[in-house]
Amino acid sequence: MDAFLNPDLLVGFITLVALEIVLGIDNIIFISILTNKLPEDQRERGRKLGLFLALFARIALLFSLSLIMKLTTPLFTVHTYSLSGRDLILLLGGLFLIFKSVKEIHHKVEEASSQEEDAHIPAKISFNSIIMQIILIDIVFSLDSVITAVGMVSNLYIMIAAVVVSVLVMLLLSGSIANFVNKHPAVKVLALAFLIMIGTALVAEGLHFHFPKAYIYFAMAFSVGVEAINIRAGLRGAAAKMK
């Protein structure tokens, strides 16, 4: 408790919670899109389980800080690139995210030309396979989240508390975000495009090409703002036609 009474640590805690929530938005989007492939009565359970798995993954990594530090040790060199365990995780995770997002966009395009495909998709996807995919991507997102936490705060209990609070907030927001994404097809495609961009950033970082994530989140915020204007204009147009 003394740590939380320290003004500097308290500010660090609040800032870290805010950053963890921002970093967790892409995780929520990915989980929402995956669980949307499940039967409707399983979607909420899938989302909650996915976020709880993300919480446990983050806490487990926080308790394994020494292992995380070892992941930065180069394992082998390809030409001029020295690749570490962390680099490989980011590379594979980024490629997986790009593959899944492109595949989902392809399905979305196919749905527009064939309504029958939508009825067949849920039957091919099992709850366990969705959870396994969520676990894989949770590990990648958790690594990024934990590295951010370690870089900002040195107190382990502050880091764990910030992660727990941020995941609880994400649990509260996940349903609304999932419903909004599913309600607006254009937003879903936009969200998938975000995930491709994030996956590309992970691959680039794995190859030691680092650029500030603020650029990515600014692009996301700008795109969401434009789409929000389009949705609002569409709703006004529909209301005007009804009159």
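J.: Quick rundown of the overall build of the protein chain? Include the residues and the values.
T.: On a plain count of helices and strands, the protein chain comes out with 10 helices and 2 strands. N-terminal to C-terminal, the α/β element order of the protein chain is α-α-α-α-β-β-α-α-α-α-α-α. By sequence separation, contacts in the protein chain at least 24 residues apart represent 79% of the contacts at least 6 residues apart. Surface exposure of the protein chain reaches about 13500 Å², of which carbon and sulfur atoms provide 69%.

J.: Quick one: what's the story with the environment of Ser145, residue by residue and with numbers?
T.: Looking at the secondary structure, you find Ser145 in helix H7 (residues 127-152). Separated by 123 residues in the primary sequence, Ser145 and Val22 place their C-alpha atoms 9.9 Å from one another. Setting aside chain neighbours within four positions, we find Ser145 in contact with Glu20, Leu23 and Arg58.

J.: Any details on the nonpolar core? Residues and values, ideally.
T.: Leu97, Leu195 and Ile198 are the most contacted members of the largest nonpolar core, which has 44 residues in total. Breaking this core down by element, the ones donating at least two residues are helix H2 (7-35), helix H3 (40-62), helix H5 (85-113), H7, helix H8 (156-183), helix H9 (185-206) and helix H10 (213-242). In contact with Ile198, not counting residues within four places along its chain, are Asp26, Leu97, Phe141, Ile216 and Met220.

J.: Run through H3, naming residues and quoting values.
T.: Because each turn of an α-helix spans 3.6 residues, side chains separated by three or four positions in sequence point in the same direction. Under the 1.5 Å per step criterion, the end-to-end length of H3 is 34 Å for 23 residues, consistent within 8% with the ideal 33 Å. By the burial criterion, the buried members of H3 are Gly46, Arg47, Gly50, Leu51, Ala54, Leu55, Ala57, Arg58, Ile59, Leu61 and Leu62.

J.: Kindly report on the pattern of salt bridges, identifying the contributing residues and their values.
T.: Across all of its chains, the model carries 1 salt bridge by this definition. For Lys48, the salt bridge identified is with Glu44, shortest N-O distance 3.1 Å. With Lys48 and Glu44 both in helix H3, this residue pair falls 4 residues apart, about one helical turn.

J.: Could you give an account of the packing of aromatic side chains, naming the residues involved and the relevant values?
T.: On inspection of all chains with the given rule, the structure shows 1 aromatic pair. The cationic tip of Arg45 hangs over the ring face of Phe127; the distance from NZ or CZ to the ring centre is 4.3 Å.

J.: Help me get a handle on the confidence of the model for the protein chain, residues and values and all.
T.: Mean pLDDT over the protein chain stands at 75; residues scoring 70 or higher make up 80%. By mean pLDDT, helix H6 (residues 116-124) is the weakest element of the protein chain at 47, and H3 is the strongest at 83. The low-confidence segment residues 116-123 (pLDDT under 50) makes 8 contacts with residues lying over four places distant or belonging to another chain.

J.: Explain the packing of H8 against H9 to me, and be specific about the residues and the numbers.
T.: Between H8 and H9, the shortest axis-to-axis distance is 5 Å and the interhelical angle comes to 110°. When the axis of H8 is compared with that of H9, the two are roughly perpendicular. Between H8, through Phe180, Val181 and Lys183, and H9, the contact on the second element is made entirely by Pro185, Val187 and Lys188.

J.: Can you explain the pairing of strand S1 (residues 74-78)? Please cite residues and give values.
T.: For S1, a buried count of 0 out of 5 residues is recorded, marking the element as mostly open to its surroundings. Where S1 lies against strand S2 (residues 81-84), 4 bridges are found, and the strand directions are antiparallel. Residue pairing in the sheet places Pro74 in a bridge with Ser84 of S2. Between the antiparallel neighbours S1 and S2 lie 2 residues, among them His79 with a positive phi of about 55°.

Cut-offs used in this document
Numbers given to residues run from 1 along each chain, matching the order in which its sequence is written. This being a predicted model, a pLDDT of at least 70 is required before a residue's local features are given, and a value of 80 or more before pairs of side-chain atoms are given or counted; all residues contribute to the totals for chains, interfaces and linings. Here the side-chain values reflect all heavy atoms present in the structure, with hydrogen atoms and water set aside. Secondary structure elements are defined from DSSP: runs of H or I of at least 4 residues count as helices, runs of E of at least 2 residues count as strands, and each element is numbered from the N terminus. Every residue pair with non-hydrogen atoms within 4.5 Å of one another is taken to be in contact. Values of accessible area rely on a 1.4 Å probe in the Shrake-Rupley scheme; residue burial ignores everything except the protein chains shown. For the purposes of this section, nonpolar cores are sets of buried Ala, Val, Leu, Ile, Met, Phe, Trp, Tyr and Cys residues that join through side-chain atoms within 4.5 Å. A 1.4 Å probe rolled over the protein chains alone gives each residue an accessible area, and that area as a share of the maximum for its type sets the label: buried under 20%, exposed over 50%, partly exposed in between. Expected helix span is given by 1.5 Å per residue-to-residue step, counting one fewer step than there are residues. Whenever Lys or Arg places a side-chain nitrogen within 4 Å of a carboxyl oxygen from Asp or Glu, that contact is recorded as a salt bridge. Aromatic rings from Phe, Tyr and Trp, with only the six-membered ring used for Trp, were paired whenever their centres fell within 6.5 Å, and each pair was classed as stacked if the ring planes differed by under 30 degrees, edge-to-face if by over 60, and tilted otherwise. By the criterion adopted, a ring carries a charge over it if an Arg CZ or a Lys NZ lies within 6 Å of its centre and within 35 degrees of its normal. Each residue carries a pLDDT value, the predictor's own confidence for that position, ranging from 0 to 100. To obtain each axis, a line is fitted to C-alpha atoms, and for helices this fit is confined to the stretch in contact; angles are then taken between N-to-C directions over 0 to 180 degrees. By the definition adopted for this analysis, an angle is roughly parallel if under 35 degrees, roughly antiparallel if over 145, roughly perpendicular if from 65 to 115, and oblique otherwise. When DSSP finds two or more bridges between a pair of strands, those strands are recorded as paired.

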